Each structure stands twice: as structure tokens, then as C-alpha cells.
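Geometric and topological summary
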Amino acid sequence: STQAGQSHLSSPRETGNHISALPARPSMVDGDSRQRKGKNAGRPAAERAPVSRYASSTDGGGNGNGMQELLAGEVPDLVLSILAAVNCCTPLWEQDIWWQIRVGDELLERGHFPVREEWSYTSGHREFHNHWWIATALFSLVYRCAGVPGLVCLRGAMVAVFMRLLLAVFPRTFVRWPLAALCFKILRHRLQLRPETMCVSLFLVLFLVRRRPAFGGLDGANPANPDASLLERIFLPEVMCIWFIVVLVANTHVGMVPFSGLTALILLMDGFIKHPKGKWRSAGIDPVPILRALPLAVVPFINPQPTAAITYILHHAPGNYKSSGQLLNPEMQSFPDEFLAWWNGKPTADDHPGPLLLAFVVLTAGAFLYFIARPYGTRPSGMQSAILSLPALAVYLTLTADRCRNLLWTVCFVAAMLGKSHGEVEFVRAKRSLRHRTYASLAFGVALAIFAYQWKSPNLTMALHNWPDRTAAWVTKMSAEGHVLPNVYHTSTHGGYLLYHLPHKFKLFSDPREYCFSHLDELYGAAYMNPLVLNKEILDKYGVQTFVAKIGEAMKLPDGSWMDSATRFLDKKVWARVFFDHVSEVQVRRTPLNAKWLKKHEIHELNPAYPPDYWVRVLLLVQEGEPKQLAKELKKCLKREEHYCKLIDVLHRSVDLQGEAARPGFQMLDDLDPKQLKDQRLMVRQYTESTRRLLKERLPRKQA
């Protein structure tokens, strides 16, 4: 730069400020820009005419090419954000969404902030607070207005916002497109309809706010306003915006405060060590960044239940999950465990395959090396001081090592380390060369290819592979008639769905809020292994009248007969099976009051845990059983179009069918909606596919 223009863009090594002075490159700046920079020479900084970031290349200084440059940068970002949103508009499956909606309902209807757990018969003594009130209120409103499709679209909108902010954090070059696409794929499994997704978008906003020129304008040795007072430098609008973002995070999900608070701390503290001495400096220490960071000790507690927030955060401290034995939950797995499982050839989750774990390692290592190789003044604003940024990175990596789900925050922090300083001058080519267009097109193509990896088509429905939807509807109907009574014992994974879809008079055993029910882990594990514990310590102790369980796996005994878990754990003289759907079954306790009702609804023979061909052999009188009773129960089941029963019927009818006679059964199985089949149990899916192939082989060759 010219000598006259150095007053504002001074070398950071000489001034110690945050602004990076980049030498002008005339070959990359259009003539109109050079003319305006010439007019600025010798003029005070406040009087200079601004040079547009998207400068026009026309002689008349028009805005035609400036708009083209704007679109060239914004349109690809918008396309990638939309692709990310569409890729995340998959069937609603989140386990926590239903209790979050119920909490939001109570907040909107009664202004209720709970202090105790109120929905179970086991944990009324446990504390429970709504630390997610902004998110739960939003979920409740969307579900009331638009149902499940609205919730799926909300997830897509949240991901689109996240993706657009992630692209903004990267340097504004075409390299950001494949990098952002890679980060999205690494985080795809964690971008769920949860308060965390809202918080991580606010997390990214912190970096963008810190890069505002106001910080550099008042922190430099030659600030734009050299007469600014101490209070003016502390209470910058951008600083107060960072405080406000931390407050928003504390009210959206208080458990995310350590992540946003740590990042806000290093962003505000950056630059507190100064080599030159100035107006507000003493012994090389600038007190202004320290004073800006002090309110961070207070702002996280600006929420309706501040003291409970501390207990909640401490409960989720690193190491607690390993010590509590909750590692069977995939969400609680450590990063080394997941990575080594893939490295040793063990299967990993579909949404989080091993190559993406390796990509995260490479990305983090590359970002670290690039960060330390950059000169101080060219590092991202707020992260220029290595004594703050690198320990923060170490903290995030430690948290990720403890729980792999914390990748969400670590990847975003790593992306921010690749960002730019607010003082960097961006030069835009007036006439893009063929080479530049080729590189940009290649980078965007790579980003699209990354998105295509494990692409998931949009679907605005609800995933039912874990949720007993028809069971909940049936229990609700029977309870209205007075036949099915509280309390309910259930499989743990079903609790989150049942607490919202059953009448609220039904008290449950537990739900996915492990914060409230972690004390039941030992009891639940013992009941899972020991029928005596289940019956004495749970069913009898708590007066359970209704048992909603996941359909277990049947075991084939040496004599050729079968036994399932319900038969082993529940006495038929005490409990009666009355209903089942695709994933769950209902048993009720026998009492004199429901004896007449049980004669109509009890299922004596048709056990859904047994393989379909077992019942075909009973109907054919090959297997010991009650074929007449089975046929009666099967007919009743077919009326409600249960796929398991349809499969038994097709197998039974197709035993000796050949040629065209086998076509109706084959067509029924071949026309099944893949989503409907995916919601079925693994055994049912396997029998469906094997039966379809068998019938296809029996069709006439030409037509088959």
C-alpha cells in the first residue's frame, strides 16, 4: 500500500492490532477501484470513500458486474444450504422430541416451569427443570400448527441456517464449498430436531460477530476513533451481541453453555496481551478484552431456573457417562471407541460411517497446522492468540473424545480456525479467467459429490421402527372404555412416545430423560435379566396394570418348540396378551373386573415373536398347536392389516401354488412401500424378502 494509506492499514507486527495489512495487487482490482483509492490518498480515514467489496468492472462505475460477483458468491452458498436442508428432511425419528413437545405444551398452556418430575410413578422425587424453554415452546407451536410434516420441515430449516452460517465462517474462496460440504457430512448424524442444533447455529454467529470491523477499529494502535472512552470500547454493540448470544444459548439448552461460553471467552479475550504500550495498556496487558469477558461469568445464569442449571451441567460433565455405565447407548460412545470399531472392521452407524471419522481427524490436523503456520495478523479475528485458541481446541477435542456426539462443536470450531481476519482485504477479479472459473466449478462439483455420498431423499412422515403408534392408539381407546388401566410398564425406548400419546393420567416407568431416570439403570438392567426382579420390584411394587413391551426375539429349543421373552418373564395366569403392532405388544393384568372383556380380546395362540412360517406349519397341522384358535385370531388381525399377519396369510396360501396362481401373493409383497417395510422388525423384513423371492421363482419365466 502507499505510504499515505498506511495510517489505517498498518503492519500488525508494528502496531500489534488485529488488522492485517495486505499489499494491493493492481492486477486483481478493477480500474474504477484504483481511481477511488487514488482519491482517498492523503485523506483522513473517516473521510475516505469506501471501496466496494464487489467492485464494478465497468468504466462508468456501474453495478452490473458487482451484482454478478455477488450472485457468483451467494448462489452456490444458497444451493448448498438448500441441499443440506433437503438431505435432513427425513422421517421424524428423534427419541426426545415427544417429551420436549409435552414440556412446551405445558409451558404455553400454563406458563409452567416444572421443578419435579411429574410423569412417572418411579421418579417423582427427582428434580426436573425446563432448561430448553425456547426450543420446546417452538417445537410445541410447530407441532400444533403443522404436525409431523411441520417438525420435519423445521429440522430442514434449522439445518439450512446452520449450513449458511458454516459457509460464512470459512474464507470467502471457492475452497469453502467442499470444506463446508465435508463438515456437513461429518455432522449429518447430529443435525437433528434438537435444541442443540439451534445452539450450534448461535455458536457460529459468535465468530461472525467477532469479525466485525468495529473490534479492529477500536483495538488498534491507530483506531478509527482514538478518543473513544474506556466504556465505549467495552460496551461495543458487537460485544453486547456476544453476551446476548450466550444468554440465548442458556435459554435454548443450558447444557450447551460451556461450549458457547468457552468460545465467547476466547473471542473477547483475544488480544489482551499487547507488546506496545498505549493509552489503556499496562505492562503489556490490555484490560479492555478482560473487562469485556467478565460478564460471561454472569450472563449464562439469566434464565428462569439459574441455580438448577449448574446441577444439570455438572451432571453431564466429561467422564460421567463412562462411570455410570451408559455406554450401551450409541449416543454416549466415545470417539476412540467408534473410530477403533471402524478401524477393526466392526460395523458403524449408517449416518456416521468410519470414513467420515477419519475425515474429521485429517481436517482437524490440517486446520491445526494451517493455523500455527499463519502470521498472527492473518489469523481469524478473535482467534489470533495461540495461547487462547489452541487450549480451546484441546478442550473441544477432549470433550469429543469423551462423547463422539460433541463432534458438532469441535468441527465448527475447527472450521472457524480456517477463517479470515476482519482486516483482510478481499479482491474480486473484474474479469474471471478461464482458470479461475474452472477451479470454482471443480470445487463446487466436489461439494455436490460429497453431498451425494449417502444421500437421503426427503420424507415428511414419521419413522415408526421404534415407536408403538398403533399400540398407543389402541390403549387410548380401551382406556376410554375403562378396560386398560394405569400404571404402565414399558420398554425404555417407548417411554418418550407413550408419555405424549397416551392419556396423561397414565404414569410411566421412565422415558429418554436420563437426567431424571439414571437411578433406575441398575433396576432396569436387573429386571431385564431376572423375571423375579421384574415381577416383584417393578410390576407388583408399583401396581402395574398394563405392560407395553417391545416384541422380543424367540428362541428355538432343542425339542423344536419355541419360547419368547414374554413367556419366560410373565406368568400367563397373571397376564394376558391382548394386542400387538409392528414393534410392540400389550399385556394386561388379569382381574375379576376384566375377565369378561378378556374373553373377547385375549390372544391365546398368535404370538408375534414367533417366525411366520411357524404359524403356517400350525395351520397345516405339521406343528403342534391350536389351528382353529389360530385361524380365528389371524382373521381378526388381518382386519387391521397388520403386515406380520399378512405375511403369514401369504405364506399359508402359497405353499403349493405355482405359475399364475402365485402372482397375487407376489404382487402384494412386491408393491410394499419401502418405508413401511423399513418400519417392520428385522425378522419380518427378512421373511418378506425371502417369501417375495420364492414366489417370483414360481411365476412363469417370461412374465417373471
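Computed from a predicted model, the values in this text were never measured in an experiment. (Residues numbered from 1 in each chain as written. Predicted model: local features only at pLDDT ≥ 70, side-chain atom pairs only at ≥ 80, totals over all residues. Heavy atoms only, no water.)

1. Quick word on the overall build of the chain
Applicable threshold: In this description a helix means any DSSP run of H or I spanning at least four residues, a strand means any run of E spanning at least two, and both kinds are numbered starting from the N terminus. Three labels apply to residues, based on accessible area from a 1.4 Å probe with only protein chains included: buried if under 20% of the type maximum, exposed if over 50%, partly exposed otherwise in between. Two residues form a contact once any of their heavy atoms are found within 4.5 Å. For the accessible areas, the method is Shrake-Rupley and the probe is 1.4 Å, while residue cover comes only from the protein chains on display.
When you go through the chain residue by residue, the secondary structure sums to 32 helices and six strands. Out of the 704 residues in the chain, the part that is buried amounts to 50%. Taking the contacts inside the chain whose residues are at least 6 apart along the sequence as the reference set, 74% of them involve residues at least 24 apart. When the accessible surface of the chain is totalled, it reaches about 32700 Å², and 61% of it is carbon and sulfur.

2. Section: the pairing of strand 5 (residues 575-580)
What counts, and what does not: Two strands make a pair as long as DSSP finds a minimum of two bridges between them.
The buried count for strand 5 comes to six of six residues, which makes it a mostly enclosed element. Bridge count between strand 5 and strand 6 (residues 584-589): five bridges; the pairing is antiparallel. Residue W575 lies in a different strand from strand 6, and its bridge partner there is R589. Linking strand 5 back to strand 6 in an antiparallel pair, the connection comprises three residues.

3. Description of the pairing of strand 6
Summarising burial for strand 6: six of the six residues are buried, a large majority. What you see with strand 6 is no split at all: S584, V586 and V588 on one side and E585, Q587 and R589 on the other are buried throughout.

4. Structural notes on the side chain of R155
Mapped onto the elements of the fold, R155 is located in helix 5 (residues 133-169). The residues contacting R155, other than those within four sequence positions of it, are C88, C89, T90, P91, L92, W93, E94, L191, Q192 and L193.

5. Quick notes on the packing of helix 29 (residues 643-653) against helix 32 (residues 682-698)
Rules: Helix axes use the C-alpha atoms of the stretch in contact, all axes being lines fitted to C-alpha atoms, and the angles between their N-to-C directions lie in the range 0 to 180 degrees. The cut-offs work like this: below 35 degrees is roughly parallel, past 145 is roughly antiparallel, 65 to 115 is roughly perpendicular, and the gaps in between are oblique. If you view the pair so one helix is near and one far, a crossing is left-handed when the near helix is turned anticlockwise from the far one by less than a right angle, and right-handed when it is turned clockwise. Note on residue classes: Ala, Val, Leu, Ile, Met, Phe, Trp, Tyr, Cys and Pro are nonpolar, Asp, Glu, Lys and Arg are charged, and everything else, Gly too, is polar.
Between helix 29 and helix 32, whose axes approach to 11 Å, the crossing angle comes to 30°. For the element pair helix 29 / helix 32, the angle class is roughly parallel. The chirality of how helix 29 crosses helix 32 is left-handed. From helix 29, H643, Y644, L647, V650 and L651 reach across to helix 32, where they touch M683, V684, Y687, T688, T691 and L695. Within the contact of helix 29 with helix 32, the residues separate by chemical class into eight nonpolar, three polar and no charged.

6. Observations regarding the sheet that holds strand 6
The strand order 1-2-6-5 describes an open sheet built from four strands, whose pairing is mixed. Strands at the two margins of the open sheet, each flanked by one partner only, are strand 1 (488-490) and strand 5. Here the average twist between neighbouring strands, direction ignored, is 25°. Of the strand pairs in this sheet, strand 1 and strand 2 (residues 546-550) are connected by three bridges, and their pairing is parallel. Directly across from H490, in strand 2, lies its bridge partner V548.

7. Here's the deal with the environment of A367
Looking at the element boundaries, A367 is found in helix 16 (residues 354-373). Accessibility expressed as a relative area gives 2% for A367, which makes it buried. Considered as a pair, A367 and M417 are 50 residues apart in the sequence and their alpha carbons are 6.6 Å apart. Ignoring anything within four residues of it in the chain, the contact list for A367 reads V414, M417 and L418.

8. What to know about unusual backbone geometry
Cis geometry is adopted by the peptide bond preceding N487, which originates at P486 and carries an omega value of -10°. Non-glycine residue Q454 carries a positive phi angle of around 55°. Its identity as a non-glycine residue notwithstanding, E641 has a phi of 55°, on the positive side. The residue E641 is located in the loop between helix 28 (627-639) and helix 29 in this model. Assessed through its relative accessible area of 55%, E641 is described here as exposed.

9. Here we look at the packing of helix 16 against helix 18 (residues 407-417)
At a minimum axis separation of 9 Å, helix 16 and helix 18 run at an interaxial angle of 35°. Read as a crossing pair, helix 16 and helix 18 show a hand that is left-handed. Contacts between helix 16 and helix 18 involve L357, F360, L363, T364, A367 and F371 from the first element and L407, T410, V411, V414 and M417 from the second. Grouping the amino acids of the contact of helix 16 with helix 18 by side-chain chemistry returns nine nonpolar, two polar and no charged.

10. Points about a nonpolar patch on the surface
Convention followed: Patches were defined on residues exceeding 30% relative accessible area and lacking a salt bridge, with like-charge contacts within 9 Å and nonpolar side-chain contacts (Val, Leu, Ile, Met, Phe, Trp, Tyr) within 5 Å. Salt bridges are defined by distance alone: a side-chain nitrogen of Lys or Arg within 4 Å of a carboxyl oxygen of Asp or Glu.
Residues V75, V79 and L448 make up a contiguous nonpolar surface patch of roughly 200 Å² in combined accessible area. Tracing the backbone through its elements, the reader meets V79 in helix 3 (residues 64-87). Looking at V79, the relative accessible area reads 32%, which means it is partly exposed.

11. Let's talk about the packing of aromatic side chains
Put simply, the rule reads: Here the aromatic set is Phe, Tyr and Trp, taking the six-membered ring for Trp, and pairing holds for ring centres within 6.5 Å; pairs whose planes are under 30 degrees apart are stacked, those over 60 apart are edge-to-face, and all others are tilted.
Overall, the coordinates contain 35 aromatic pairs when judged by the stated rule. Between W98 and Y143, the aromatic rings sit 5.4 Å apart at their centres with planes inclined by 80°, giving edge-to-face as the arrangement. You can see W98 sitting in helix 4 (residues 97-110) and its partner Y143 sitting in helix 5, a full 45 residues away along the chain. The buried category is assigned to W98, whose relative accessible area is 0%. Ring geometry for W98 against W467: centres 5.8 Å apart, planes inclined by 70°, an arrangement best described as edge-to-face. Taken together, the positions of W98 in helix 4 and W467 in the loop between helix 19 (434-452) and helix 20 (469-480) put the pair 369 residues apart, joining distant regions of the chain. Like W98, the residue W467 is buried in the burial classification. These aromatic residues form a ring-pair network of at least three members: Y121, Y489, F509, Y524, Y542, F547 and W575.

12. Observations concerning helix 13 (residues 306-315)
Put simply, the rule reads: Read the arc as the range of directions from the helix axis to the C-beta atoms.
For helix 13, the complete set of buried residues consists of A308, A309 and Y312. Taken around the axis of helix 13, the buried residues stretch over an arc of 110°, which confines them to a single face. Opposite the buried face of helix 13, by more than 90 degrees, sit the exposed residues T307 and L314.

13. A short note on the nonpolar core
Stated precisely, the cut-off is as follows: Among buried residues, the Ala, Val, Leu, Ile, Met, Phe, Trp, Tyr and Cys ones that are joined through side-chain atoms within 4.5 Å form a nonpolar core.
Judged by nonpolar contacts, the single largest core of 145 residues is most densely connected at L92, W98 and F413. Among the elements that take part in this core, helix 5 stands out by supplying 15 residues, more than any other. With residues near it in sequence (within four places) discarded, W98 still touches L92, Y143, V148, M462, W467, G496, Y497, L499, Y500 and H501.

14. Concerning a positive patch on the surface
To keep it simple, the criterion reads: Neither His nor the chain ends is counted toward charge; the positive residues are Lys and Arg and the negative residues Asp and Glu. The atoms used to mark charge sites are NZ of Lys, CZ of Arg, CG of Asp and CD of Glu.
Residues K477, K600, K632, K635, K636 and K639 make up a contiguous surface patch of positive charge. Position of K600 among the secondary structure elements: in helix 26 (residues 595-601).

15. So, the pattern of salt bridges
Any two side chains of opposite charge can pair, given that their charged atoms come close. Evaluated as defined, the whole model comprises 27 salt bridges. Residue D670 pairs with R692 through a salt bridge whose shortest N-O separation is 3.3 Å. Linking D670 in helix 30 (residues 663-670) with R692 in helix 32, this pair joins segments that are 22 residues apart in sequence. Among the residues examined, R692 registers a relative accessible area of 18% and is labelled buried. Members of the salt-bridge network, linked through shared partners, are E74, D77, R164 and R176.

16. Section: helix 7 (residues 195-210)
Keep this limit in mind: Each helix should span, by expectation, one fewer than its residue count multiplied by 1.5 Å.
With 16 residues, helix 7 should reach 22 Å at 1.5 Å per residue; the first-to-last C-alpha distance of 23 Å fits that figure. Among the 16 residues that make up helix 7, 14 are buried, leaving the element largely enclosed by the rest of the structure.

17. Describing the environment of A447
If you trace the backbone, A447 turns up in helix 19. On the basis of relative accessible area, A447 is assigned to the buried category, the value being 0%. Remark: the alpha-carbon pair of A447 and A181, spanning 266 residues in sequence, is separated by 5.4 Å. Contact partners of A447, with chain neighbours within four places excluded, come to L80, W177, P178 and A181.

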